[in-house]
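A look at the structure
Okay, here's what each chain looks like letter by letter:
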Amino acid sequence: MRIANVAGRLTVVTPSGGIDVERASGGRFAADPAAVYARWAEFTAWAAVLDGDATPFDETDLGAPSPRPAQVFAVGLNYGAHALEAGYDIPEVPITFTKFPTCITGPHGELPIPGDSVDWEVELVAVVGTRADHVTTDDAWSHIAGLTVGQDYSERRVQTLGQSPQFSLGKSFPGFGPTGPWLVTLDEFDDVDDLALDCTVNGEVMQSGRTRDMLMSVPALVSRLSAVCPLLPGDLIFTGTPDGVGSGRTPPVFLRPGDEVVSTVEGIGAIRQRCVVGVHAAV
Ligand code: ZN
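The structure presented is a predicted model; accordingly, all values stated were derived computationally and were not measured.

**Description of the pattern of salt bridges**
Overall, the coordinates contain 17 salt bridges when judged by the stated rule. Between aspartate 32 and arginine 68 there is a salt bridge, with its nearest N and O atoms 2.5 Å apart. In this pair, aspartate 32 is assigned in the loop between helix H1 (21-24) and helix H2 (40-48) and arginine 68 in the loop between strand S4 (62-63) and strand S5 (72-76), connecting sequence segments 36 residues apart. For aspartate 32, a relative accessible area of 27% puts it in the partly exposed group. One salt bridge connects glutamate 42 with arginine 39, and the closest N-O pair in it is separated by 3.0 Å.

The following block contains the structure:
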């Protein structure tokens, strides 16, 4: 099942278009896509037998599948080859930071460039469906509503400021957390633990990896994170990026106004941003 946010309305995506959930359910489920995760099991049971009228929609109307997550977890250095290109040893424990929720946007649109070292990081993003509190790896997938594509855009100068760098601000400028184009439920994947993901800039392949190469799998991340913070319905987990980021190149390559970034995950789809002039960060 594919669940989208079409112009702010919860929508089930079918091959012939979208089915508006509030209308098809007679108001049982709200139009607000953020509200569905608290009723995820009830919703998916209803949607599994849904037979409504589908109407085509414009992809430019797509918003974030989970537009107002209470928490956004992001994991750095979760692919060995990326850790090495970033100048680190392969970590025993991937680092954890947040992307503050105001940076979460839909899949297609403009990316304002706030500095001279904005970099790309295509990532698989897991969306939490049911509260996860001290869950085991065996139980972890059952707490995930589905998967979507994300970009962990990063302003490298701001990311690495300070004596003990705190990554979160440098990864939270407006538009730095696009997600979409929709959420895909886990039953849709042949092997949910091994998905190809790639990122192109102006049509050139910059990143090409597979999620099986993550140092900590999605279940391992859910277990580890939920040992500290209860994960709440609608929360996002950015699971890390494979190698091929701009800062790892010689010489480094960073995004400029006019560039187009396309990020794809197998079995989900692609998200696309056009870089535009932004307000430079005064930090
Ligand atoms: Zn990242």
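**A short note on the coordination of the zinc ion**
Within the protein, Glu121 (OE), Glu123 (OE) and Asp152 (OD) serve as the donor atoms for the zinc ion, at 1.9 to 2.0 Å. Summarised as a motif, the one-chain spacing of the donors to the zinc ion is E-x1-E-x28-D. Of the two residues, glutamate 121 sits in the loop between strand S9 (118-119) and strand S10 (122-128) while aspartate 152 sits in the loop between strand S11 (144-151) and strand S12 (154-155), which places them 31 residues apart along the sequence. The pair formed by glutamate 121 and aspartate 152 is uniform in burial state, with each residue classed as buried.

**Overview of the packing of aromatic side chains**
Applying the stated criterion to the full structure yields eight aromatic pairs. Members of the aromatic cluster, joined through ring pairs, are Phe29, Tyr37, Trp40, Phe43 and Trp46. Over the face of the ring belonging to phenylalanine 238 we find lysine 99, whose NZ or CZ atom lies 5.7 Å from the ring centre.

**Let's talk about the environment of aspartate 235**
Following the sequence through the fold, aspartate 235 ends up in the loop between helix H6 (218-226) and strand S16 (236-238). Contacts of aspartate 235, omitting those with residues within four sequence positions, involve Pro69, Ala70, Gln71, Phe73, Ala126, Val127, Val128 and Pro230. Of note is the side chain of aspartate 235, whose polar atom sits 3.4 Å from the backbone nitrogen of alanine 70. From its side chain, aspartate 235 meets the backbone nitrogen of leucine 232 in a polar contact 2.8 Å long.

**Comments concerning the state of the cysteines**
A covalent bond between the sulfur atoms of two cysteines is referred to as a disulfide. Enumeration over the complete set of coordinates arrives at zero disulfides. Free of any disulfide, cysteine 199 has its nearest neighbouring cysteine sulfur in cysteine 275, separated by 10.0 Å.

**Notes on the side chain of threonine 239**
You can see threonine 239 is positioned in the loop between S16 and strand S17 (260-265). Judged by its relative accessible area of 1%, threonine 239 is buried. For threonine 239, the side chain forms a polar contact with the main-chain oxygen of leucine 124, separated by 2.6 Å. In this structure, threonine 239 is in contact with Val75, Asn78, Tyr79, Glu123, Leu124, Met214, Val218 and Leu221, ignoring residues within four places of it in sequence.

**Focus: the layout of surface pockets**
Estimates place the volume of the largest pocket at around 270 Å³. His82, Ala86, Tyr88, Arg156 and Gln159 are the residues nearest the centre of the largest pocket, which is lined by 22 residues in total. Sorting the residues of the lining of the largest pocket by element identifies S5, helix H3 (80-85), strand S6 (95-98) and helix H5 (156-159) as the ones contributing at least two each. Looking at the lining of the largest pocket residue by residue, the classes come out as eight nonpolar, eight polar and six charged. Taken as a whole, the second largest pocket spans an internal volume of roughly 230 Å³.

**Re the sheet that holds strand S8 (residues 108-113)**
Paired through backbone hydrogen bonds, the strands of a sheet run either parallel or antiparallel to each other. Strand order in the open sheet made by the five strands is S8-S18-S17-S14-S15, with mixed pairing throughout. Of all the strands in the sheet, the pair left with one neighbour each is S8 and strand S15 (204-210). When strand polarity is set aside, the average angle formed by the axes of neighbouring strands in this sheet is 20°. Alignment of strand S14 (residues 196-201) against S17, held across five bridges, turns out to be antiparallel.

**Notes on the nonpolar core**
Counting 77 residues, the largest nonpolar core has Phe43, Leu147, Val222, Leu255 and Ile268 as the members making the most contacts within it. At six residues, the largest contribution of residues to this core is made by S10. Three or more residues apiece are contributed to this core by two domains, here domain 1 (2-57) and domain 2 (72-277). When near neighbours in sequence (up to four residues on either side) are disregarded, leucine 255 contacts Leu111, Ile113, Val118, Asp119, Trp120, Tyr153, Val201, Val261 and Cys275.

**Examining the environment of tyrosine 37**
With respect to the helices and strands, the residue tyrosine 37 is situated in the loop between H1 and H2. C-alpha of tyrosine 37 to C-alpha of cysteine 199: the two residues are 162 residues apart in sequence and 28 Å apart in space. Residues in contact with tyrosine 37, not counting those within four places in the same chain, are Pro65, Ser66, Val127, Val128, Gly129, Ala145, Leu183, Pro233 and Gly234.

**Points about H2**
Residues of H2 that are buried: Trp40, Phe43, Trp46 and Ala47. Burial along H2 is one-sided: seen end-on, the buried residues are contained in an arc of 130°. Opposite the packed face of H2, turned more than 90 degrees from it, sit the exposed residues Ala41, Ala45 and Ala48. As for H2, its buried residues are in contact with strand S1 (2-6), strand S2 (9-14), H1, S11 and strand S13 (177-184).

Quick notes on the rules
- Residues numbered from 1 in each chain as written.
- Predicted model: local features only at pLDDT ≥ 70, side-chain atom pairs only at ≥ 80, totals over all residues.
- Heavy atoms only, no water.
- Salt bridge = Lys/Arg side-chain N within 4 Å of Asp/Glu carboxyl O.
- Helix = DSSP H or I, 4+ residues; strand = E, 2+ residues; numbered from the N terminus.
- Buried < 20%, exposed > 50% of the residue type's maximum accessible area, 1.4 Å probe, protein only.
- Donors = N, O, S within 2.8 Å, 3.2 Å for Na, K, Ca; no water.
- Phe/Tyr/Trp six-rings, centres within 6.5 Å; stacked < 30°, edge-to-face > 60°.
- Lys NZ or Arg CZ within 6 Å of the ring centre and 35° of its normal.
- Contact = heavy atoms within 4.5 Å.
- Polar contact = N/O pair within 3.5 Å; in protein donor to acceptor, adjacent residues only side chain to side chain.
- Disulfide = S-S within 2.5 Å.
- 1 Å grid on protein atoms, 1.4 Å probe; cavity = no way out; pocket = protein on both sides within 12 Å on 5 of 7 lines; lining within 4 Å.
- Points joined across faces, edges and corners; volume = space filled by probe spheres on them.
- Nonpolar A, V, L, I, M, F, W, Y, C, P; charged D, E, K, R; others polar.
- Pairing = 2+ DSSP bridges.
- Axes fitted to C-alpha atoms, helices over the stretch in contact; angles between N-to-C directions.
- Core = buried A, V, L, I, M, F, W, Y, C linked by side-chain atoms within 4.5 Å.
- Domains from an automatic or database assignment.
- Arc of directions from axis to C-beta.

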